[in-house]
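# Structure assessment
In case you want the letters, here they are:
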Amino acid sequence: RTLVVVHFWASWAPQCAQMNEVMEALAREHSQVTFVQLEAEAVPEVSEKYGISSVPTFLFFKGSQNVDRLDGAHAPQLAQKVQRLSAGPAGAAPDLLHARLQELVSAAPCMLFMKGTPKEPRCGASAQLVQILQRHGVAFSAFDVLADEALRGGLAGLSRRPSFPQLFVAGRSVGGLDDVKRAEIAAQKSHARGAKRHFQTRGRAALSPTPFHPSLGPCAGASAQLVQILQRHGVAFSAFDVLADEALRGGLAGLSRRPSFPQLFVAGRSV
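Below is a summary of the structure that appears in this document. What you see is a predicted model, and the numbers here were worked out from it, not measured in a lab.

### As for unusual backbone geometry
Here the residue pair Val 55 and Pro 56 is connected by a cis peptide bond, since its omega of 0° sits within 30 degrees of zero. Among the structural elements, Pro 56 can be located in the loop between helix H2 (44-49) and strand E3 (57-62). Phi at Arg 160 is positive, roughly 60°, even though this residue is not glycine. In this structure, Ala 170 is a non-glycine residue whose phi angle is positive, near 55°. The class for Ala 170 is exposed, based on a relative accessible area of 64%.

### What to know about the sheet that holds E3
On the basis of which strands lie adjacent, the open sheet formed by 4 strands has the order E2-E1-E3-E4 and mixed pairing. Only two strands of the sheet have a single neighbouring strand rather than two, namely strand E2 (34-39) and strand E4 (65-71). For this sheet, the mean angle separating the axes of adjacent strands, direction not counted, is 20°. Relative to E4, E3 is paired through 6 bridges, and the arrangement is antiparallel. Bridging from a neighbouring strand, Leu 59 pairs with Arg 69 of E4. With respect to the sheet, helix H1 (residues 14-29) is in contact with strand E1 (3-9), E2 and E3, its orientation differing from that of E1 by roughly 165°. Contacts from helix H3 (residues 75-86) reach E1, E2, E3 and E4, with the element oriented near 160° to E4.

### With respect to the packing of aromatic side chains
Per the stated rule, a full pass over the model turns up 3 aromatic pairs. Among the aromatic side chains, those forming a connected cluster through ring pairs are Phe 113, Phe 143 and Phe 168.

### A short note on helix H9 (residues 246-256)
Of all the positions in H9, only Leu 248, Gly 251, Leu 252, Ala 253, Leu 255 and Ser 256 are classed as buried. Positive backbone phi, at 60°, marks Arg 257, one or two positions downstream of H9.

### Re the pattern of salt bridges
Enumeration over the complete set of coordinates arrives at 6 salt bridges. Linking Arg 69 and Asp 71 is a salt bridge whose minimum nitrogen-to-oxygen distance equals 3.1 Å. Among the residues examined, Asp 71 registers a relative accessible area of 38% and is labelled partly exposed. Here the salt bridges share partners, and the residues they tie into one network are Asp 68, Lys 81 and Arg 84.

### A word on the nonpolar core
Soluble globular proteins: nonpolar side chains tend toward being buried together. Val 5, Phe 35, Phe 58, Phe 60, Leu 78 and Val 82 are the most contacted members of the largest nonpolar core, which has 13 residues in total. Elements supplying a minimum of two residues to this core: E1, H1, E3 and H3. Beyond its immediate stretch of four places on either side in the chain, Val 5 contacts Met 23, Val 33, Thr 34, Phe 35, Val 36, Phe 58, Leu 59, Phe 60, Leu 78 and Val 82.

### Here's the deal with the pairing of strand E7 (residues 166-169)
Sheet topology places strand E5 (residues 110-114) next to E7; 4 bridges connect them, and they run antiparallel. Bridging across to E7, Met 111 finds its partner in Phe 168.

### A few points about the side chain of His 7
As for its placement among the helices and strands, His 7 is situated in strand E1. The buried category is assigned to His 7, whose relative accessible area is 0%. Engagement of the side chain of His 7 in a polar contact is seen with the side chain of Asn 20, the distance being 2.7 Å. With residues up to four places along the chain from it excluded, the contact list for His 7 reads Cys 16, Met 19, Asn 20, Met 23, Val 36, Gln 37, Leu 38, Pro 56, Thr 57 and Phe 58.

Criteria and cut-off values
Residues numbered from 1 in each chain as written. Predicted model: local features only at pLDDT ≥ 70, side-chain atom pairs only at ≥ 80, totals over all residues. Heavy atoms only, no water. Helix = DSSP H or I, 4+ residues; strand = E, 2+ residues; numbered from the N terminus. Buried < 20%, exposed > 50% of the residue type's maximum accessible area, 1.4 Å probe, protein only. Pairing = 2+ DSSP bridges. Axes fitted to C-alpha atoms, helices over the stretch in contact; angles between N-to-C directions. Contact = heavy atoms within 4.5 Å. Phe/Tyr/Trp six-rings, centres within 6.5 Å; stacked < 30°, edge-to-face > 60°. Salt bridge = Lys/Arg side-chain N within 4 Å of Asp/Glu carboxyl O. Core = buried A, V, L, I, M, F, W, Y, C linked by side-chain atoms within 4.5 Å. Polar contact = N/O pair within 3.5 Å; in protein donor to acceptor, adjacent residues only side chain to side chain.

Spelled out as structure tokens, the structure:
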């Protein structure tokens, strides 16, 4: 299945020695390819079988089949043929790329494909997305798409999004910076709605025990006047300092639909 390159050479031909050096360099670059040097005059039956009439000559074998040849000392052509033939049949490279992409997007529960690294982002959008994830305490791994052009193109095709950064969760694309921002805003609104319901329940429970219950707030003059009015008329009441609980203060404002304090509740209802 692997590529075998056979060099038919002769010791008396200086161009053969030069091409042997080229082969040594190619062997270092293409570790999956087998390179063989065969002295043509030492094996005349083999040379005759393959029509070797001059040296250097190169034959290329895959699966025991002779798939190509090169006659003469042409280093650039030799390198091109090795590159093309070692890539495998059509479709093999894309299959390998797809497998690598699937492995990469699933390497962590949350994978960020960005330009640069979280510590050194190389575009503003990547920096913003990192900040959002860190702000919410999201554990994530990151991959620098600038380090691998083939993977960058493959990811763009996989997610059908041409630009970066991109966020993958559980192996699936959830989008880029704009998509994450929209998700963050939606989560904040959902949290706010839940908090409002919680404050409404908590506020009603706090205001129900007595017939009269003022909530005293940041305006000391208004709070003092309301206390005086209640005391002047002999009204029994309990009080709650809204400065002691900012969350409850905001909830009470939403419950009564009044932004300022003091506020007076009677029988659990704002008056």
